[in-house]
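The chain contents come next:
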Amino acid sequence: MSVTSVNIEGARERWVRTGGVELCVAELGDASQPTVLLVHGYPDSKEVWSEVAERLADRFHVVLYDVRGHGRSTAPAPLRGGFTLEKLTDDFLAVADAVSPDRPVHLVGHDWGSVQGWEFATVERTEGRIASFTSMSGPSLDHFGHWIKNRMSRPTPRRAAQLIGQGAKSWYVYMLHTPVLPELAWRGPLGKRWPKMLQRLENVPADGYPTASLPQDAAHGAWLYRDNVRARLRRPRSDAYAHVPVQLITPLDDAFLSPKLYAELDHWVPQLIRRTLPAKHWIPRTRPDQLAAWISEFVRTNEDGIPARDTVATGPYADRFGGRLVLVTGAASGIGRATAFAFAEAGARIVAVDRDAEGATRTAEMARLIGAPEAWGEVVDVSDEQAMEKLAEKVATEYGIVDVLVNNAGIGLSGSFFDTTAEDWKKVLDVNLWGVIHGCRIFGKQMADRGQGGHIVNTASAAAYQPSRALPAYSTSKAAVLMLSECLRAELAGQGIGVSAICPGLVNTNITSTTRFAGADATEEKRLQKKTSRLYGLRNFPPEKVASAILRAVAKNQAVVPVTPEARGAHLMSRFAPRTLRAIARLEPPL
């Protein structure tokens, strides 16, 4: 093995000779750990995996190689007939034998790397060399061929629409079968413009990818299509059953492949789990954090001998939130803790944030037990802008960009307007309003910059639209949160980021025991806290129902969500009977 400079930080390089070509192979991590072998697609080189590989390297032996004719690997001569799936299988076995001679490898493929992976995972000669296969954005050509034949032999309007839809998405396949023109385009204007096109159309970051070898890689890679596609689609194998557990990751906004292609995959794969991701095609570059989390989980469970299906969360909306990164503020107790647990039950990764370090850690620990594949407790004061910025930087670096942000942290304050001091106002607004502003601005900006959508949940209150003589400061802060949410929802809609305002009514949480009462001395304040807690306890509306409403709001992209019957009633009255609501506001609170 020779160690040289490659485009992946910390990688070791070696060369593997097979079938008249030399393959450039890069390795990261401890070679004694399970081997994860990443295979790139078209028109990529192994560098498409760099962000995923670096995230996996602290837990696994990670291997990437340039497919023949791509990157620094040499091309077969002649090109015609040099890219058949049979020869690509020879290459895979040569690399696997070189990097992991004594243990099967965990295969991961994207695009044409996935197309190859399906071949490797279904042919007899690779049995025993693959421990698991993670597929994304690339079907088996055999399965695809049967999918087409099934729809042509038993046509219905729906099946015809599926064929036409996928046929339109496959326009580039027809172009790549034309002689000479693809090579001229890639070595000319298309090769020069491709990086900018990826940035504009797929939101792929401009971070050194693709590499300078792109025009040559794309020209050579056209033979992947010419050597395989028509032959396999016309005569698909009837024995293309997977002999390994398979994890299918489907980007829902893939411009080239319809999710319907995988509708009958259970027939071919005895051990299959499915994941969906609201993203476009090039997820190794746009969603490396999510992919690394799913790959790690799948590899570990297979190493431990756990059936694949037993690792998938089964809670409500598990198909929507499984593996997503969810950050919840005020997560040490009450609605925040219940929300963290609800997302954990749906299989999300959790960042539990609170000023209470012990409480945040406990929430994270419980979230892992409930179903979160990973969970972390973080300490921050949401009113501290610099602390929030540091937290956001840490989360992005260590865990990834947040998919769902729940700005839940808040404090209570009761008392008349003239008893409420300027300092009281500052404390309430700093946490209840500025904490939400900091979260939206800092984490929301990361979502927007990533360009793959997301969702922001802001916990407001029924007090946001229900005036009260006893809650001027609290109600003002929550009304501001509600309007902020509405404004952000309008601004961020075009970027695929949803914003929801959750407006609970009387919920039995410990905020009542910590609510301050302006103008009351310590003894009186304790008495009022106890009485308020008792009233809320008698109402006994659990925070778990608010958490369920939050998950539903994100899944359905709801704008304003009143929770509890009294919150819904007050919301209706604020729209249709505001005078009645104002009259109610004049009543003396029962304290």
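Relevant structure appears above.
Quantities reported herein were computed from a predicted structural model and do not represent experimental measurements.

Examining the overall build of the protein
Phase 1: When helices and strands are counted, the protein shows 22 helices and 17 strands.
Phase 2: Against the globule reference of 25 Å for 591 residues, the protein gives a C-alpha radius of gyration of 28 Å, in line with a compact fold.
Phase 3: Taken along its principal axes, the extent of the C-alpha atoms in the protein is 90 × 55 × 45 Å.
Phase 4: Per-residue burial for the protein yields a buried fraction of 56% across its 591 residues.
Phase 5: Contacts in the protein between residues at least 24 apart in sequence constitute 77% of all its contacts with a sequence separation of at least 6.
Phase 6: As presented, the protein carries roughly 25,000 Å² of accessible surface, and 55% of it is formed by carbon and sulfur atoms.
Phase 7: Side-chain charges in the protein split into 70 positive and 64 negative, and the spacing between the mean points of these groups amounts to 7 Å.

Quick look at the sheet that holds strand S2 (residues 21–28)
Phase 1: The mixed open sheet is built from eight strands, whose spatial order is S1-S2-S4-S3-S5-S6-S7-S8. In this open sheet, the two strands that pair with only one neighbour each are strand S1 (12–18) and strand S8 (272–277). Ignoring which end each strand starts from, the neighbouring axes of this sheet average 20° apart.
Phase 2: Sheet topology note: the strand S6 (residues 130–136)/strand S7 (residues 246–251) ladder contains four bridges and is parallel. Bridging across to S7, Phe-133 finds its partner in Val-246.
Phase 3: Packed on one face of the sheet, helix H2 (residues 85–99) meets S1, S2, strand S3 (35–39), strand S4 (61–65), strand S5 (105–110) and S6 and runs near 130° to S1.
Phase 4: Sitting on the sheet, helix H3 (residues 112–122) is in contact with S3, S4, S5, S6 and S7, with an inclination near 145° to S6.

Quick look at the nonpolar core
Phase 1: Counting residues in hydrophobic clusters, the biggest one holds 87 residues, and the most contacted among them are Leu-37, Val-62, Leu-64, Tyr-65, Phe-92, Trp-112 and Tyr-225.
Phase 2: Among the elements that make up this core, the one with the highest residue count is H2 (eight residues).
Phase 3: If we ignore the near neighbours within four places in the chain, the residues touching Trp-112 are His-40, Gly-41, Tyr-42, Leu-85, Leu-141, Leu-224, Tyr-225, Asn-228 and Val-229.
Phase 4: If you look at the next biggest cluster of nonpolar residues, it comprises 38 residues, including Val-402, Ala-462, Ile-497 and Ala-570.

Focus on unusual backbone geometry
Most of the time, phi is negative for any residue but glycine, and the peptide bond is trans.
Phase 1: Along the chain, Tyr-42 connects to Pro-43 via a cis peptide bond; the corresponding omega equals 0°.
Phase 2: Considering the arrangement of structural elements, one finds Pro-43 in the loop between S3 and helix H1 (50–56).
Phase 3: Residues Ala-77 and Pro-78 are joined by a peptide bond in cis, for which omega reads -5°.
Phase 4: Within the secondary structure, Pro-78 sits in the loop between S4 and H2.
Phase 5: A positive phi angle is found at Val-180, which is not glycine, with a value near 70°.
Phase 6: Topologically, Val-180 is positioned in the loop between helix H6 (171–176) and helix H7 (181–187).
Phase 7: With a phi angle near 60°, Asn-203 is a residue other than glycine that sits in the positive phi range.
Phase 8: Following the sequence through the fold, Asn-203 ends up in the loop between helix H8 (189–202) and helix H9 (214–234).
Phase 9: Among the residues examined, Asn-203 registers a relative accessible area of 28% and is labelled partly exposed.

So, the packing of helix H13 (residues 334–345) against helix H14 (residues 357–370)
Phase 1: Between H13 and H14, whose axes approach to 8 Å, the crossing angle comes to 25°. Here H13 lies roughly parallel to H14, going by the angle between them. Where H13 crosses over H14, the handedness of that crossing is right-handed. In this structure, H13 uses Arg-337, Ala-340, Phe-341, Ala-344 and Glu-345 to contact H14, whose residues at the interface are Gly-359, Arg-362, Thr-363, Met-366, Ala-367 and Ile-370.
Phase 2: Residues that form the contact of H13 with H14 fall into these classes: six nonpolar, two polar and three charged.

Some words on the packing of aromatic side chains
Phase 1: Scanning the model with the defined rule gives 18 aromatic pairs in all.
Phase 2: Ring geometry for Tyr-172 and Tyr-225: centres 6.1 Å apart, planes at 90°, overall edge-to-face. With a gap of 53 residues between them, Tyr-172 in helix H6 and Tyr-225 in helix H9 connect regions that are remote in the sequence.
Phase 3: Both rings, one in Tyr-172 and one in Phe-256, keep their centres 5.2 Å apart while their planes meet at 80°; by these two values the pair is edge-to-face. Of this pair, Tyr-172 sits in helix H6 while Phe-256 sits in the loop between S7 and S8, placing them 84 residues apart in sequence.
Phase 4: A network of ring pairs unites the aromatic residues Tyr-42, Trp-112, Trp-171, Tyr-172, Trp-186, Trp-194, Tyr-225, Phe-256 and Trp-282 as a single cluster.
Phase 5: Across the ring face of Trp-223, the terminal group of Arg-226 is positioned such that the distance to the ring centre comes to 4.8 Å.

Things to note about the state of the cysteines
Phase 1: Considering all chains together, one arrives at zero disulfides under this definition.
Phase 2: Left without a disulfide partner, Cys-487 is nearest to the cysteine sulfur of Cys-440, which lies 11 Å away.

Quick word on a positive patch on the surface
Phase 1: On the surface, Lys-149, Arg-230, Arg-234 and Arg-235 cluster together into a positively charged patch.
Phase 2: Given the relative accessible area of 57%, Arg-234 is considered exposed.

The rules we used
- Residues numbered from 1 in each chain as written.
- Predicted model: local features only at pLDDT ≥ 70, side-chain atom pairs only at ≥ 80, totals over all residues.
- Heavy atoms only, no water.
- Helix = DSSP H or I, 4+ residues; strand = E, 2+ residues; numbered from the N terminus.
- Rg over C-alpha atoms; globule rule 2.2 N^0.38 Å.
- Buried < 20%, exposed > 50% of the residue type's maximum accessible area, 1.4 Å probe, protein only.
- Contact = heavy atoms within 4.5 Å.
- Areas by Shrake-Rupley, 256 points an atom, 1.4 Å probe, with all protein chains shown as cover.
- Lys, Arg positive; Asp, Glu negative; His and termini not counted.
- Charge placed at Lys NZ, Arg CZ, Asp CG, Glu CD.
- Pairing = 2+ DSSP bridges.
- Axes fitted to C-alpha atoms, helices over the stretch in contact; angles between N-to-C directions.
- Core = buried A, V, L, I, M, F, W, Y, C linked by side-chain atoms within 4.5 Å.
- Parallel < 35°, antiparallel > 145°, perpendicular 65-115°, else oblique.
- Left-handed = near helix turned anticlockwise from the far one by under 90°.
- Nonpolar A, V, L, I, M, F, W, Y, C, P; charged D, E, K, R; others polar.
- Phe/Tyr/Trp six-rings, centres within 6.5 Å; stacked < 30°, edge-to-face > 60°.
- Lys NZ or Arg CZ within 6 Å of the ring centre and 35° of its normal.
- Disulfide = S-S within 2.5 Å.
- Patch = residues over 30% accessible without salt bridge, like charges linked within 9 Å, V, L, I, M, F, W, Y side chains within 5 Å.
- Salt bridge = Lys/Arg side-chain N within 4 Å of Asp/Glu carboxyl O.

All we've got here are geometric facts, nothing functional implied.
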